[in-house]
Amino acid sequence: MSFNSLSGGTWTLGDLAVTRFGYGAMQLAGPYVMGPPADPGEAVNVLRAAVDAGITHIDTADAYGPHVTNRLIREALHPYPAGLHIVTKVGADRDPRGGWPPARDPQSLRRAVHANLDGLGLATLDVVNLRLGNAEGPQPGSLAEAFETLVELRRQGLIRHLGVSNATAEQVAEARSIAPIVCVQNLYNLAHRHDDALVDELAAAGIAYVPFFPLGGFSPLQSTALSSVAARLGSTPMSVALAWLLHRSPNILLIAGTSSTTHLHQNITGAGLRLSAEDLTELDKIGR
């Protein structure tokens, strides 16, 4: 499969062209994103299969494991092929119980950026997202001190582009008032459409929107409606949900994750599902 045959085509993050169908590495770590994978060899195979399929956008974080997914990416893909771009995030640590305590003070952010550089074997990180809020979702409050710390690291040449994750619309606006951003990574799917206006606003500004949990949080009624469309199309609910996201707006980038090569190829095929106007109308009712 080639770069141009992946569903959705490409998008530009600043000056970096990436496939809209990307790969999220979080599931390569052990249970609850802690520790090593049960099958490290398969984890390496999945990463290589993603690149072989033409994917040029991999999402990761040094906090995954912690340190696990970045090391796997380096083992599988370094030296990195031309055109492959790795997006990472900072702003949260891990505790011994598997929690995600905030780590957005300047010292923690500098340490996290260097940990990502070292783990991935890079001199410059393509894109760094500032993770805000907490495990329950976005939380109000200024991001100025944390974001300005990353802006300074960008001036030093350690970061190429910036983004925000788990952010409110107000925090996105605040970040954009401080420095350009190339992406926003938030919870969004057919059932959770609270960022609809933000998706459209970002599209008009040429900024990517990268949803996580593309099939998370559906009520039984919503799942039934999604399954009904999938059955009519002879497909799966996950495939329909991924395809809908690519249809929703041209600035939406997918980072569906998996620890299985077979599942990776199923996701790639499923995201290419063609949805009719009737399908889209029916699916649009799920989150309204």
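Procedures and definitions
Residues numbered from 1 in each chain as written. Predicted model: local features only at pLDDT ≥ 70, side-chain atom pairs only at ≥ 80, totals over all residues. Heavy atoms only, no water. Core = buried A, V, L, I, M, F, W, Y, C linked by side-chain atoms within 4.5 Å. Buried < 20%, exposed > 50% of the residue type's maximum accessible area, 1.4 Å probe, protein only. Pairing = 2+ DSSP bridges. Helix = DSSP H or I, 4+ residues; strand = E, 2+ residues; numbered from the N terminus. Right-handed = clockwise from strand over helix to strand, strands pointing away. Salt bridge = Lys/Arg side-chain N within 4 Å of Asp/Glu carboxyl O. Axes fitted to C-alpha atoms, helices over the stretch in contact; angles between N-to-C directions. Parallel < 35°, antiparallel > 145°, perpendicular 65-115°, else oblique. Left-handed = near helix turned anticlockwise from the far one by under 90°. Contact = heavy atoms within 4.5 Å. Nonpolar A, V, L, I, M, F, W, Y, C, P; charged D, E, K, R; others polar. Patch = residues over 30% accessible without salt bridge, like charges linked within 9 Å, V, L, I, M, F, W, Y side chains within 5 Å. Areas by Shrake-Rupley, 256 points an atom, 1.4 Å probe, with all protein chains shown as cover. Lys, Arg positive; Asp, Glu negative; His and termini not counted. Charge placed at Lys NZ, Arg CZ, Asp CG, Glu CD. Expected span 1.5 Å × (residues − 1). Phe/Tyr/Trp six-rings, centres within 6.5 Å; stacked < 30°, edge-to-face > 60°.

1. Side note on the nonpolar core
No. 1: Counting residues in each nonpolar core, the largest one holds 81 residues, and the members touching the most others are Y23, F147, L150 and V164.
No. 2: In this structure, V127, C183, A208 and I255 belong to the second largest nonpolar core, which totals 12 residues.

2. Re the sheet that holds strand 7 (residues 159-165)
No. 1: The strand order 3-4-5-6-7-8-9 describes an open sheet built from seven strands, whose pairing is parallel. Edge positions in the sheet fall to strand 3 (23-24) and strand 9 (208-212), since each has one partner strand and no second.
No. 2: Alignment of strand 3 against strand 4 (residues 57-59), held across two bridges, turns out to be parallel. If you follow G24 over to strand 4, its bridge partner there is D59.

3. Looking at unusual backbone geometry
No. 1: Put simply, G65 and P66 share a cis peptide bond, and its omega is -10°.
No. 2: With respect to the element layout, P66 can be found in the loop between strand 4 and helix 2 (68-77).
No. 3: Omega for the peptide link from H78 to P79 comes to 0°, which places this bond in the cis form.
No. 4: Residue position: P79 is located in the loop between helix 2 and strand 5 (85-90).
No. 5: In this structure, V33 is a non-glycine residue whose phi angle is positive, near 60°.
No. 6: As for its placement among the helices and strands, V33 is situated in the loop between strand 3 and helix 1 (40-52).

4. Some points on the pairing of strand 9
No. 1: Taking burial as the measure, the five residues of strand 9 include four buried ones, the bulk of the element.
No. 2: Judged from the five bridges that link them, strand 8 (residues 183-187) and strand 9 form a sheet pairing that is parallel. Bridging across to strand 9, L187 finds its partner in F212.
No. 3: Following the backbone out of strand 8, through helix 6 (residues 196-205) and into the adjacent parallel strand 9, one traces a crossover that is right-handed.

5. Some details on the pairing of strand 2 (residues 16-19)
Within a regular strand, side chains alternate between the sheet's two faces.
No. 1: Judged from the four bridges that link them, strand 1 (residues 10-13) and strand 2 form a sheet pairing that is antiparallel. Looking across to strand 2, one finds that W11 is bridged to V18.

6. Some remarks on the pattern of salt bridges
No. 1: Evaluated as defined, the whole model comprises 10 salt bridges.
No. 2: R176 is paired through a salt bridge with E201; the nearest N and O atoms lie 3.5 Å apart. With R176 in helix 5 (residues 169-178) and E201 in helix 6, this residue pair connects regions lying 25 residues apart in the sequence.
No. 3: When the shortest N-O distance is used, the salt bridge between E282 and R232 registers 3.1 Å. In this pair, E282 is assigned in helix 10 (residues 277-284) and R232 in helix 7 (residues 220-233), connecting sequence segments 50 residues apart.

7. Description of the packing of helix 4 (residues 144-155) against helix 5
No. 1: Axis separation between helix 4 and helix 5 bottoms out at 10 Å; the angle between their running directions is 40°. As summarised for this structure, helix 4 and helix 5 are arranged oblique, according to the angle between their axes. For the pair helix 4 and helix 5, the sense of crossing is right-handed. Here A144, F147, E148 and V151 of helix 4 come into contact with helix 5, specifically with E174, A175 and I178.
No. 2: Per-class residue counts for the contact of helix 4 with helix 5 are five nonpolar, no polar and two charged.

8. A closer look at the environment of K89
No. 1: Following the sequence through the fold, K89 ends up in strand 5.
No. 2: Of the residues examined, K89 reaches a relative accessible area of 9% and is grouped as buried.
No. 3: For the pair formed by K89 and T261, sequence separation is 172 residues and the distance between their alpha carbons is 24 Å.

9. Some details on a negative patch on the surface
No. 1: On the surface, a cluster of negative charge is contributed by D93, D105, E145 and E148.
No. 2: Tracing the chain through its elements places D93 in the loop between strand 5 and helix 3 (106-120).

10. Focus: helix 3
No. 1: Taking 1.5 Å as the rise per residue, helix 3 with 15 residues should run 21 Å; its terminal C-alpha atoms sit 21 Å apart, in good agreement.
No. 2: Packing partners of the buried residues in helix 3 comprise helix 2, strand 5, strand 6 (125-131), helix 4 and strand 7.
No. 3: Downstream of helix 3 by a residue or two, G121 has a phi angle that is positive, lying close to 70°.

11. Considerations on the environment of S108
No. 1: Along the chain, the position of S108 falls in helix 3.
No. 2: By relative accessible area, which is 11% here, S108 ends up buried.

12. Quick notes on the packing of aromatic side chains
No. 1: For the structure shown, the criterion picks out four aromatic pairs.
No. 2: Ring geometry for Y64 versus W100: centroids 6.1 Å apart, planes at 80°, classification edge-to-face. With Y64 in the loop between strand 4 and helix 2 and W100 in the loop between strand 5 and helix 3, this residue pair connects regions lying 36 residues apart in the sequence.
No. 3: You can call Y64 buried: its relative accessible area is 7%.

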